[in-house]
Amino acid sequence: MKNGYAKMAAVLSVSTITILGSTAVSPALSGIKSAFPQMSDAWIQMILTLPTLLIIPSCLLCRYAISKMGQKNVLLMGIIIYLIGGLGAGLAPDFYVLLAFRGILGIGCGFITPMAQNLISSNFTGETRHKLTSYSASASYLMGIIASFLVSRLVGINWRMAFLIYLIAFVVLLLNIIYLPNDRKETIKSVRRNDKKSAGMGINVKAILVMIAMFGINGAFYTFSASISLFMRTEGIGNETSSGIVVSAFMICGFIIGLIVHPVKKILKEYTIVLGCFMMGAGYVLLSQAANIPVLMVAAAMVGGSYSILYSEVFTKIRQAARSEDETTTLVTYTTACMFLGQALSQYILRGVECVAGISGYRFRFIFVGALLLLSMAGCIIKNIVTASKDY
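Criteria and thresholds
- Residues numbered from 1 in each chain as written.
- Predicted model: local features only at pLDDT ≥ 70, side-chain atom pairs only at ≥ 80, totals over all residues.
- Heavy atoms only, no water.
- Helix = DSSP H or I, 4+ residues; strand = E, 2+ residues; numbered from the N terminus.
- Expected span 1.5 Å × (residues − 1).
- Contact = heavy atoms within 4.5 Å.
- Axes fitted to C-alpha atoms, helices over the stretch in contact; angles between N-to-C directions.
- Parallel < 35°, antiparallel > 145°, perpendicular 65-115°, else oblique.
- Left-handed = near helix turned anticlockwise from the far one by under 90°.
- Nonpolar A, V, L, I, M, F, W, Y, C, P; charged D, E, K, R; others polar.
- Phe/Tyr/Trp six-rings, centres within 6.5 Å; stacked < 30°, edge-to-face > 60°.
- Buried < 20%, exposed > 50% of the residue type's maximum accessible area, 1.4 Å probe, protein only.
- Lys NZ or Arg CZ within 6 Å of the ring centre and 35° of its normal.
- Salt bridge = Lys/Arg side-chain N within 4 Å of Asp/Glu carboxyl O.

### Describing helix α3 (residues 41–69)
Next, step 1: Across its 29 residues, α3 extends 40 Å between first and last C-alpha, which sits within 8% of the 42 Å expected from 1.5 Å per residue.
Next, step 2: Directly beyond the C-terminal end of α3, a positive phi value near 90 degrees is found at Gly70.

Laid out in structure tokens, this is it:
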């Protein structure tokens, strides 16, 4: 029994460092901007977006690496690369070297992040698997809470100190060396041609739709992390440590909601996604109108809590869409890649929308994202009503 709990702790610990990959140092962006005033806001935001650009190819390679090395070895390799990139950025002599280390961090994170869900799928079943899917989001947020408090204080000393937060990966490395069982090497199998329940011509249409949803959800979610520090600086709300306080509200609500997602899903069933879209959409609308820290904290809490709901739902549905155990690993990996693709492209998409609309600014971005999420909520309600009427 003790070994079982230790294995759960080791698996969940992986989720704690995935959230640190790009968002952990967001409170430091303002200080980095002051240290490199010649760099535009777009370049400063690359500190957060560059890791995600390199996460995607390494994430896609993860499935192949697992087939050659096994899940545990791929995870340990990823954590070591992650440590080099995370800690190295704090020692960078100039902005471009800093970006290079952030890229290395992204490569490591690309091997780690699919493991957060793949290890749950391969080591647990039934009710335990469903609970751990929700708890993994809470584990991410728990570390996010700790990190936001620490980073906001470290930033007050020097922005370079913020990168010390990546030392937590040493603990995760040790936990998984000791408690994660060794796995047998996998071989990549072709998808079973005779197991086509929801797809035609070998294409899993349902899984593709879930991946597209993850792309949009994570793009919307990431808009907060990429924008909040610079938004507060531009609007003159609070000081350099205030953004850490707002991010803490975001993390705390996400952590709490993640713990109760499983019972909430039992009550709301198909309307769980509706609740998630409403919370995130309303949060962004409120954020677009915010002029003080208390309102920002409420809006941040809504966005953070909603992601725990939507994250859990997406990975539950992608497992349901899988037509074989082997396909589960593949689909989880591709869904994770779509998650980071949405994160990487979100700011560029929003800048494109600004150019088309002729309106710019963080408030416009927030109201635009909020409106899209509320429209998605309406679409989910209509879909559920139509489905229910057909079943009736």
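### Quick word on the environment of Gly108
Next, step 1: In this structure, Gly108 sits in helix α5 (residues 95–123).
Next, step 2: Spatially, the C-alpha atoms of Gly108 and Ser58 are 7.7 Å apart, while their sequence positions differ by 50 residues.
Next, step 3: For Gly108, the residues in contact, after removing those within four places along its chain, are Gly78, Ile81 and Tyr82.

### Comments concerning the packing of helix α8 (residues 205–235) against helix α12 (residues 325–357)
Next, step 1: Interhelical geometry of α8 versus α12 gives an angle of 45 degrees and a closest axis separation of 7 Å. The pairing of α8 with α12 is recorded here as oblique in orientation. Remark: the crossing between α8 and α12 carries right-handed chirality.
Next, step 2: Split by residue class, the contact of α8 with α12 holds 15 nonpolar, nine polar and no charged.

### What about the packing of aromatic side chains?
Next, step 1: Taken as a whole, this structure holds 17 aromatic pairs when the rule is applied.
Next, step 2: Aromatic side chains Phe231 and Phe366 sit 5.2 Å apart centroid to centroid with 80 degrees between the ring planes, which places their arrangement in the edge-to-face category. With a gap of 135 residues between them, Phe231 in helix α8 and Phe366 in helix α13 (residues 362–391) connect regions that are remote in the sequence.
Next, step 3: Using a relative accessible area of 0% as the deciding quantity, one classes Phe366 as buried.
Next, step 4: Its end group placed over the ring of Phe124, Lys7 keeps NZ or CZ at 5.1 Å from the ring centre.

### Regarding the pattern of salt bridges
Next, step 1: Applying the stated criterion across every chain yields a total of four salt bridges.
Next, step 2: As a salt-bridge pair, Arg363 and Glu235 come within 3.3 Å of each other at their nearest N and O atoms. Taken as a pair, Arg363 in helix α13 and Glu235 in helix α8 lie far apart in primary sequence, 128 residues in all.
Next, step 3: A residue is classified by how much of its surface remains accessible, and Arg363, at 26% relative accessible area, is partly exposed.

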